[in-house]
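Secondary and tertiary structure notes
Chain residues, written in single-letter form:
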Amino acid sequence: MTTQCLLSGGNFPAESIAEAKTELAAIPAGVFSELMVRSTPFRSFVLQDYSKLLSGMFSIVDEVSFATLEQKLARRLLADADDAGYVSKTHQQLASDVNSVREVVSRHLGEWERSGWVANHRGRVEIRDRAALASLKMA
């Protein structure tokens, strides 16, 4: 957001909190503008970094907007699983994570259990076939 504000001449409408020791450098807007005009390496660095950030943002928007519920649920299970393949969440918690309702999530998990991909336990889901879930994640 700071880059966007510096490029557009706007104000920075957010704040952040460092959770670990952090070193920061501040460049006044005038110096930033001058460096963008006069320094090809600086300009290239800023535009490449900004391009990476935009690409990441578009990926998130795509995931949120266009991924199916099955894909979102598969991604969530794979992301939340511990090393043994267990996700310690209820169907209701998973439904909240993927912006759905428990009944729909339970139906998908039941289908995946019949296929041997997961095993449903009280308060947790065991992943038995990571590759099958990953294939949904990539679809």
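The structure we're discussing is the one just above.
Summarised in this report is the structure supplied together with it. (Residues numbered from 1 in each chain as written. Predicted model: local features only at pLDDT ≥ 70, side-chain atom pairs only at ≥ 80, totals over all residues. Heavy atoms only, no water.)

**A closer look at the side chain of Glu126**
Defined as follows: By definition, any uninterrupted DSSP run of H or I lasting at least four residues is a helix, any uninterrupted run of E lasting at least two residues is a strand, and each is numbered from the N terminus. Using a 1.4 Å probe on the protein chains alone, a residue whose accessible area is under 20% of its type maximum counts as buried, one over 50% counts as exposed, and one in between counts as partly exposed. Any N or O atom pair separated by 3.5 Å or less is treated as a polar contact, with the protein-specific requirement of one donor-capable and one acceptor-capable atom, and with residues adjacent in sequence counted only for side-chain atom pairs. Contacts between residues were defined by any pair of non-hydrogen atoms, one from each residue, lying within 4.5 Å.
Within the element layout of this structure, Glu126 appears in strand β3 (residues 124–127). The exposure class assigned to Glu126 is buried, which follows from its relative accessible area of 15%. One polar contact links Glu126 to His121, side chain to side chain, over a distance of 3.0 Å. A polar atom in the side chain of Glu126 sits 3.5 Å from the side chain of Arg128. Setting aside residues up to four positions removed in sequence, Glu126 forms contacts with Gly85, Tyr86, Trp117, Val118, Ala119 and His121.

**Considerations on the pattern of salt bridges**
Note the following rule: The term salt bridge refers to a pairing of a side-chain nitrogen on Lys or Arg with a carboxyl oxygen on Asp or Glu at a separation within 4 Å.
Throughout the structure, instances matching the rule amount to seven salt bridges. Between Glu34 and Arg38 there is a salt bridge, and its shortest N-O distance comes to 1.9 Å. Of this pair, Glu34 and Arg38 both sit in helix α2 (residues 29–38), separated by four residues, roughly a single helical turn. On the basis of relative accessible area, Glu34 is assigned to the partly exposed category, the value being 37%. We note a salt bridge from Asp97 to Arg76, for which the minimum N-O separation is 3.9 Å. Separated by 21 residues along the polypeptide, Asp97 in helix α5 (residues 91–97) and Arg76 in helix α4 (residues 69–80) bring together distant segments of the chain. When its relative accessible area of 31% is taken as the criterion, Asp97 is described as partly exposed. Beyond isolated ion pairs, a larger network of salt bridges with shared partners links Arg76, Asp80, Lys89 and Asp97.

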